[in-house]
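Read off the chains here:
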Amino acid sequence: MIVCHCQNITDHDIHAAINWMRASDAQTIVTPGKLYRALGKAADCGGCMPLFLATMRTNTNMEVPMQLRNLRRGTTQETRNERRQESN
Ligand code: FES
């Protein structure tokens, strides 16, 4: 099935690119931009993004690597501490 009509990208292309990226670097964060680059193409109109993302989510290799989970929580706690007022 064609997902991106501007660049003629199929769901098979997307899955193959995700699997290739995971095989070459297990810790990489897979984004639509990286997939376009891996396929040697660039998004044009962006109208395919909802279907593009939905297709990405169906791939079993799309899980965030365990080492990279919960990183946002640590950042939020640091931000809170930086804004804390010191009492005298
Ligand atoms: S349909 Fe994918 S960029 Fe236009």
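Preceding this section is the structure that the text describes.
Here the structure is a predicted model, which means the values were calculated and not measured. (Residues numbered from 1 in each chain as written. Predicted model: local features only at pLDDT ≥ 70, side-chain atom pairs only at ≥ 80, totals over all residues.)

Chemist: Any chance you could explain the overall build of the protein chain here in plain terms?
Modeler: Looking only at helices and strands, the protein chain features 4 helices and 2 strands. Starting at the N terminus and walking to the C terminus, you meet the elements of the protein chain as β-β-α-α-α-α. (Helix = DSSP H or I, 4+ residues; strand = E, 2+ residues; numbered from the N terminus.)

Chemist: Whenever I open this one, helix 1 (residues 11-24) confuses me. Can you help?
Modeler: Given 3.6 residues to a turn, an α-helix orients residues that are three or four positions apart in the same direction. End to end, helix 1 covers 20 Å across 14 residues, agreeing with the expected 20 Å (1.5 Å per residue, within 8%). Turning to helix 1, its buried residues number three or more, namely I14, A17 and I18. Along the axis of helix 1, the buried residues cluster in a sector spanning 100°; they form a single face. For helix 1, the exposed residues lying more than 90 degrees away from the buried face are H12, A23 and S24. In the core, the buried residues of helix 1 are packed alongside strand 1 (2-4), strand 2 (9-10), helix 2 (32-38) and helix 3 (49-57). (Expected span 1.5 Å × (residues − 1). Buried ≥ 20, exposed ≤ 12 C-beta atoms within 10 Å, placed from the backbone. Arc of directions from axis to C-beta. Contact = placed C-beta atoms within 7 Å.)

Chemist: Is there a simple way to think about the environment of N61 in this case?
Modeler: The topology assignment puts N61 in the loop between helix 3 and helix 4 (71-83). In this structure N61 comes out as partly exposed when scored by C-beta crowding, with 14 C-beta atoms within 10 Å. For the pair N61 and N19, spaced 42 residues apart in sequence, the C-alpha separation works out to 6.5 Å.

Chemist: What am I meant to see in the environment of P32 here?
Modeler: With respect to the element layout, P32 can be found in helix 2. Judged by the 17 C-beta atoms lying within 10 Å of it, P32 is partly exposed. The spatial distance from the C-alpha of P32 to the C-alpha of L53 is 7.3 Å, given a sequence separation of 21 residues. When residues no more than four places from it in sequence are discounted, the contact partners of P32 are M49, F52 and L53.

Chemist: I'm lost on unusual backbone geometry in this one. Help?
Modeler: Peptide bonds are, in most cases, trans, and in most cases residues other than glycine have a negative phi. In this model, N8 sits at a positive phi of 55°, which is unusual for a non-glycine residue. Looking at the secondary structure, you find N8 in the loop between strand 1 and strand 2. Overall, the presence of 11 C-beta atoms within 10 Å leaves N8 in the exposed class.

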